[in-house]
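# Remarks on the overall topology
Read off the chains here:
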Amino acid sequence: MTERDDVLGRAAERAREYLDGVGTRHVGATMSGDELRAALGGPLGTAGEDPVAVIDRLADAGLRGTVATQGPRYFGFVFGGSLPVATAADWLVSAWDQNAGLFVLSPAVSVIEDTVIDWIRDLVGLAPHWSGGFVTGGQMANFTGLAAARLHVLREAGWDVEAQGLNGAPPVEVYVTDEAHYSILRSLRMLGLGDVSARHVPTDVQGRMDASALAAMLKAGSGPCIVSAQAGNVNTGAFDPIADVVDAAKSRDAWLHVDGAFGLWAAASPSLSHHLDGIAHADSIGTDAHKWLNVPYDCGVALCSRPDVHRAAMTLLAAYIEDSKVERDPHEFVPDESRRARAVPVYAALKALGRDGLREMVERGVAMARRMADRLRGQPGVHILNDVVLNQILVRFEPPDGDGDPDVFTRAVVSRVQADGTCWLSGTTRHGAAAMRISISNWSTVEADIDASADAILRAASLSGGSRASV
């Protein structure tokens, strides 16, 4: 065997070891930063180390120094795991080592990307002319959509932002809600529009945009305008009323961007797709396949109904790149040039799942979220704060004796659950009050994981006794 065979074989062996244990281990990391620095840090030696030993060093640290986000009981953020077929396809991506920027650099990867964009358009019900690009994640998907929006609305106002920049440009009004994900506001900063461009639209108790209030605000404004709506609230899972938002936006000729980081995949389910009614009439959409599609990280998708605007906002040809246009060059629709072949794991996941498998995975996640809410609901001092319409549950706790600050107690329950290790979830603040946030997006989560995790949560709140549930 060659050194290459030895090191690749050892990496596969240690990866299998990790995956074999990820479903039953303590979900949080069990090594401190100092312990990890002692194991991995220190000065770089003059002589290199044996490659197999390097892999073992990394794998040993990974067993205790990672958080089991790949496992079935990680509910902290909206993170999916990675389907085995997607993980395997990602190994191929690294082995191929392709630059996915130009067709001429990797015809296979370019065709895979085109194929996956076709599939996503079809799943969501978008017209065939919609363009798409694979970016690093939800942040850059939103950035790309909003960059196209900025170009278009300023062009309509007679200003070429790509040539003239923003100095002297007409002001752009951007309508968002206080419930918008911070990646939207960060994108506005990166695009030079800043926080002051954001006009905050009221929401209902679930965090849904008030479309009638939006319409009134749009009517009172003037000039270039962008509306950013949400398909899947990061706290409640709720969807803005997209069809009504579309009507309001079109009344002002505003560009409508939809942040569908995880909620866009509800399109796969006939029982959930109504939440996305109207999305085909949006102008741009951002999503993140590492969430509910359960593929590895570095896999966001930006979609746009105006391919010419999308391309113009992202590309600037170099003299050494021939603009033949016989084939589509993927880099023209994304901010980066040298690019990992991000579409390959998505291709593998969708091809292996098919429509039925994708629907079942999404619907199972919703069913698991509702099971968790049902297990917690009705217990003394436990309050479910949201309608569980998707995969998010918000929980607030009162001290068992009724004496104490619910904010302090809720945060303490979150900390106890994290320390216990049966599952891992996070805290949040909503409308000024502390809450526990449970996000269920992993393909491998089953009823036994929900039940064991619910028991751990109730123990942490001192609402049920008994020993730690087996997992």
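Whatever comes next refers back to the structure up there.
Quick look at the structure, then. (Residues numbered from 1 in each chain as written. Predicted model: local features only at pLDDT ≥ 70, side-chain atom pairs only at ≥ 80, totals over all residues. Heavy atoms only, no water.)

### A short note on the overall build of the protein
Helices and strands together make up the secondary structure of the protein, namely 14 helices and 11 strands. For 471 residues, the compact-globule formula gives about 23 Å, and the C-alpha radius of gyration of the protein, at 24 Å, lands near that figure. Principal-axis analysis of the C-alpha atoms places the extent of the protein at approximately 70 × 65 × 45 Å. Relative to its 471 residues, the protein shows a buried fraction of 53%. When contacts within the protein are restricted to residue pairs at least 6 apart in sequence, long-range pairs at least 24 apart make up 72% of them. For the protein, the computed accessible surface area is about 20200 Å², with 54% contributed by carbon and sulfur atoms. Where the 42 positive side-chain charges of the protein centre and where its 59 negative ones centre are 2 Å apart. (Helix = DSSP H or I, 4+ residues; strand = E, 2+ residues; numbered from the N terminus. Rg over C-alpha atoms; globule rule 2.2 N^0.38 Å. Buried < 20%, exposed > 50% of the residue type's maximum accessible area, 1.4 Å probe, protein only. Contact = heavy atoms within 4.5 Å. Areas by Shrake-Rupley, 256 points an atom, 1.4 Å probe, with all protein chains shown as cover. Lys, Arg positive; Asp, Glu negative; His and termini not counted. Charge placed at Lys NZ, Arg CZ, Asp CG, Glu CD.)

### Points about the packing of aromatic side chains
The final tally for this structure, using the stated rule, is 6 aromatic pairs. Aromatic side chains Phe79 and Tyr297 sit 5.8 Å apart centroid to centroid with 85 degrees between the ring planes, which places their arrangement in the edge-to-face category. Separated by 218 residues along the polypeptide, Phe79 in the loop between helix H3 (51-65) and helix H4 (84-96) and Tyr297 in the loop between strand E6 (284-288) and strand E7 (300-304) bring together distant segments of the chain. Residue Tyr297 is classed as partly exposed on the basis of its relative accessible area, which comes to 45%. Ring geometry for Trp119 against Tyr347: centres 5.0 Å apart, planes inclined by 25 degrees, an arrangement best described as stacked. One end of the pair, Trp119, is in helix H5 (residues 107-124); the other, Tyr347, is in helix H12 (residues 343-376), and 228 residues separate them in sequence. Overall, Tyr347 belongs to the partly exposed group, its relative accessible area being 29%. Each member of the aromatic cluster is reached from another via a ring pair, and the members are Tyr74, Phe77, Phe79, Tyr297 and Trp424. (Phe/Tyr/Trp six-rings, centres within 6.5 Å; stacked < 30°, edge-to-face > 60°.)

### Remarks on the pattern of salt bridges
Following the criterion strictly, the structure yields 36 salt bridges and no others. Here Arg14 makes a salt bridge to Asp60, at a shortest N to O gap of 2.7 Å. Of this pair, Arg14 sits in helix H1 (residues 3-21) while Asp60 sits in helix H3, and the two are 46 residues apart along the sequence. Residue Arg14 is classed as buried on the basis of its relative accessible area, which comes to 9%. Between Lys250 and Asp283 there is a salt bridge, with the nearest N and O atoms lying 3.0 Å from each other. Of this pair, Lys250 sits in helix H10 (residues 242-250) while Asp283 sits in the loop between strand E5 (255-259) and E6, and the two are 33 residues apart along the sequence. Judged by its relative accessible area of 35%, Lys250 is partly exposed. Judged by relative accessible area, Asp283 falls into the buried class, the value being 3%. Ionic contacts of the salt-bridge type, sharing partners, join the residues Glu113, Asp114, Asp298, Arg328, Asp336, Arg339 and Arg342 into one network. (Salt bridge = Lys/Arg side-chain N within 4 Å of Asp/Glu carboxyl O.)

### Examining the environment of Asp195
Positionally, Asp195 belongs in the loop between helix H8 (182-190) and strand E3 (198-201). Between the C-alpha atom of Asp195 and that of Leu185, which follows or precedes it by 10 residues, the distance is 6.7 Å. Setting aside residues up to four positions removed in sequence, Asp195 forms contacts with Leu185 and Arg189. A distance of 2.8 Å separates polar atoms of two side chains, one belonging to Asp195 and the other to Arg189. (Polar contact = N/O pair within 3.5 Å; in protein donor to acceptor, adjacent residues only side chain to side chain.)

### Topic: the sheet that holds strand E2 (residues 173-177)
Taking strand neighbours across the sheet as the criterion, the 7 strands line up as E1-E7-E6-E5-E4-E2-E3 in an open arrangement whose pairing is mixed. Two strands close off the open sheet at either side, each with one partner strand: strand E1 (131-135) and E3. Sheet twist, expressed as the mean angle between neighbouring strand axes with direction ignored, is 20 degrees. Summarising the sheet, strand E4 (residues 225-230) and E5 pair through 5 bridges and their orientation is parallel. For Ala229, the partnering residue across the bridge sits in E5 and is Val258. Where H10 meets the sheet, its contacts fall on E4 and E5, and the angle it forms with E5 comes to roughly 155 degrees. (Pairing = 2+ DSSP bridges. Axes fitted to C-alpha atoms, helices over the stretch in contact; angles between N-to-C directions.)

### Section: the environment of Ala231
In this structure, Ala231 sits in the loop between E4 and H10. Between the alpha carbons of Ala231 and Asp259 there is a distance of 6.0 Å; along the sequence they are 28 residues apart. The residues touching Ala231, leaving out its near neighbours within four places in the chain, are Phe239, Ile242, Val258, Asp259, Gly260, Gly263, Leu264 and Leu276.

### Let's talk about the side chain of Gln392
With respect to the element layout, Gln392 can be found in strand E9 (residues 392-397). At 2.6 Å, the side chain of Gln392 and the backbone oxygen of Val234 are in polar contact.

### Let's talk about the sheet that holds strand E11 (residues 433-439)
Pairing is antiparallel in the open sheet, where 4 strands are placed in the order E8-E9-E11-E10. Of all the strands in the sheet, just strand E8 (382-384) and strand E10 (426-430) have a single pairing partner and so form its edges. Across the sheet, the mean angle from the axis of one strand to that of its neighbour is 40 degrees, orientation sign disregarded. Relative to E11, E10 runs antiparallel, the two sharing 5 bridges. Bridge pairing in E11 links Thr428 to Ala435. Docked against the sheet, helix H13 (residues 406-420) engages E9, E10 and E11, running at close to 30 degrees with respect to E11.

### Side note on unusual backbone geometry
In most cases, non-glycine residues show a negative phi, while peptide bonds are predominantly trans. Positive phi is not limited to glycine here, since Asp298 has a value of about 70 degrees. For His431, which is not glycine, the phi torsion reads 50 degrees and is therefore positive. Structurally, His431 can be placed in the loop between E10 and E11.

### Quick notes on the pairing of E10
Side-chain alternation along E10 places Ser426, Thr428 and Arg430 on a buried face and Gly427 and Thr429 on a face that remains uncovered. Between E10 and E11, which follow one another and run antiparallel, lie 2 residues, and His431 among them has a positive phi close to 50 degrees.

### A word on a nonpolar patch on the surface
Together, Leu40, Val54 and Leu58 line one region of the surface with nonpolar side chains, adding up to about 240 Å² of accessible area. The residue Val54 is located in helix H3 in this model. Exposure remark for Val54: the relative accessible area of 32% places this residue in the partly exposed category. (Patch = residues over 30% accessible without salt bridge, like charges linked within 9 Å, V, L, I, M, F, W, Y side chains within 5 Å.)

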